[in-house]
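# Working through the structure, step by step
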Amino acid sequence: MSEAGGAKEELGVVESREWYLSAYAPDGVPTSEHLKLRTLSLSLGPDSIPDQHTALQLLWISVDPYLRSRMTGHSEGLFFSQFELNQVLTEFGIGRVIRSKSSEFSEGDIVINPYSPIAEYCVVPAASLRKIDAGISLPDYLSSLGVPGFTAWLGIEVLGNAKPGSNVFISAAAGGVGMFAGQLAKLKGCRVIGSTGSDEKVKLLKEEFGYDDAFNYNKETDFDAALSKYLPNGIDIYFENVGGKMLEAVLNHVNRGARIPVCGMISQYNKRWTEREGVRNLLNMVGKEVKMQGFLVGTYLDRFGDFMEEMVGHVKQGKIHSKHKIYNGIESFLESFASLFSSSNSGKVVIQVV
């Protein structure tokens, strides 16, 4: 190990920058008052690494909206535990093995770490890591082959049970999950409509991701009218990403037996849970016998092998396309996280750390 990157070979120590939560943010987009970057000295000497652990240098890190729900300081109405104050944040990441006390990994291996600290270096259990195959770009392992792709696959394939001819509506359709949900539904032979926040992203959905049509929710503000226009034959599958007024409108247009897989509700994340928008027409679920189901990817890890086999094939054959918004350097995390809540954002947000 060289002096580059702050490493000190004679001491087996690196200077590692990491992001941590310094104060809870009950509402609004978190700022530098809540998320801070600090530098710690981390020992990577042989005696500092436990058996069956590896030392990693972070190369890429995913940036995902669900983190917002872990920064409020309130557990009510939320589905993930809160980060502790002064705790380093964790995300889905890609790292390079720089030291290993596991027979499964060697120095230089590139690995996926589902629970990566947002830190330049870390020591983690080897059991949680997975080697990356050559031939696919590293950002794709954080998008189409990562949590966003797996989330989309579960919603369309497993919970949505998409069939040829199904009418599928996807909100936040140009986001990290939505772009894959739409493409997977098209591969199933469905008619796919998306909602998104700009005319530019409407064009992206139709021209790059193969959506049959899409609308800009900032222009089509009467969601009931928009859904009547774009989905005149009703909705068989609604991939729910935003909640609020859009969910309420969808429930007026669902067909009998419709499925609504719920992976998130980004329109509500920056509001206190007691101030979030309610849905007044849930009774429609009774009359139409609708199945609405929230899900966490961790519950379906037994299906991850099936997902990877199918999705790797799609990616290598050019049937699934990704769009990445790449930030550079670990110091860009705060800016990249804030971008998730902008209507101008599209694609999967990732950081190239090295």
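Computed from a prediction, not measured in an experiment: that's the story for all the values here. (Residues numbered from 1 in each chain as written. Predicted model: local features only at pLDDT ≥ 70, side-chain atom pairs only at ≥ 80, totals over all residues. Heavy atoms only, no water.)

Okay, the sheet that holds strand E10 (residues 213-216) next. With respect to topology, six strands assemble into an open sheet ordered E10-E9-E8-E11-E12-E13, the strand pairing being parallel. Of all the strands in the sheet, just E10 and strand E13 (291-294) have a single pairing partner and so form its edges. Taking each pair of neighbouring strands and ignoring which way they run, the sheet shows an average axis angle of 15 degrees. Pairing between strand E8 (residues 167-170) and strand E11 (residues 235-239): three bridges, direction parallel. From the neighbouring strand, phenylalanine 169 faces E11, where its bridge partner is tyrosine 238. In the packing of helix H1 (residues 147-159) onto the sheet, contacts are made with E8, E11, strand E12 (254-262) and E13, and the angle to E11 comes to roughly 155 degrees. (Pairing = 2+ DSSP bridges. Helix = DSSP H or I, 4+ residues; strand = E, 2+ residues; numbered from the N terminus. Axes fitted to C-alpha atoms, helices over the stretch in contact; angles between N-to-C directions. Contact = heavy atoms within 4.5 Å.)

If you trace the backbone, valine 97 turns up in strand E4 (residues 90-100). With 14 residues separating them along the chain, valine 97 and valine 111 place their C-alpha atoms 7.4 Å apart. Not counting residues up to four positions away in its chain, the partners in contact with valine 97 are Thr54, Ala55, Leu56, Phe105, Ser106, Glu107, Gly108, Asp109 and Val111.

Before going further, it helps to spend a moment on the domain arrangement of the protein. If you check the domain split of the protein, you get domain 1 (2-142 + 323-352) and domain 2 (147-299). Distance from the C-alpha centre of domain 1 to the C-alpha centre of domain 2: 30 Å. (Domains from an automatic or database assignment.)

Between H1 and helix H7 (residues 304-316), whose axes approach to 10 Å, the crossing angle comes to 100 degrees. By the angle between their directions, the pair H1 and H7 is classed as roughly perpendicular. Counted together, Gly149, Phe150, Trp153 and Glu157 of H1 and Phe304, Asp306, Phe307, Glu310 and Met311 of H7 form the full contact between these two elements. Tallied by class, residues from the contact of H1 with H7 come to five nonpolar, one polar and three charged. (Parallel < 35°, antiparallel > 145°, perpendicular 65-115°, else oblique. Nonpolar A, V, L, I, M, F, W, Y, C, P; charged D, E, K, R; others polar.)

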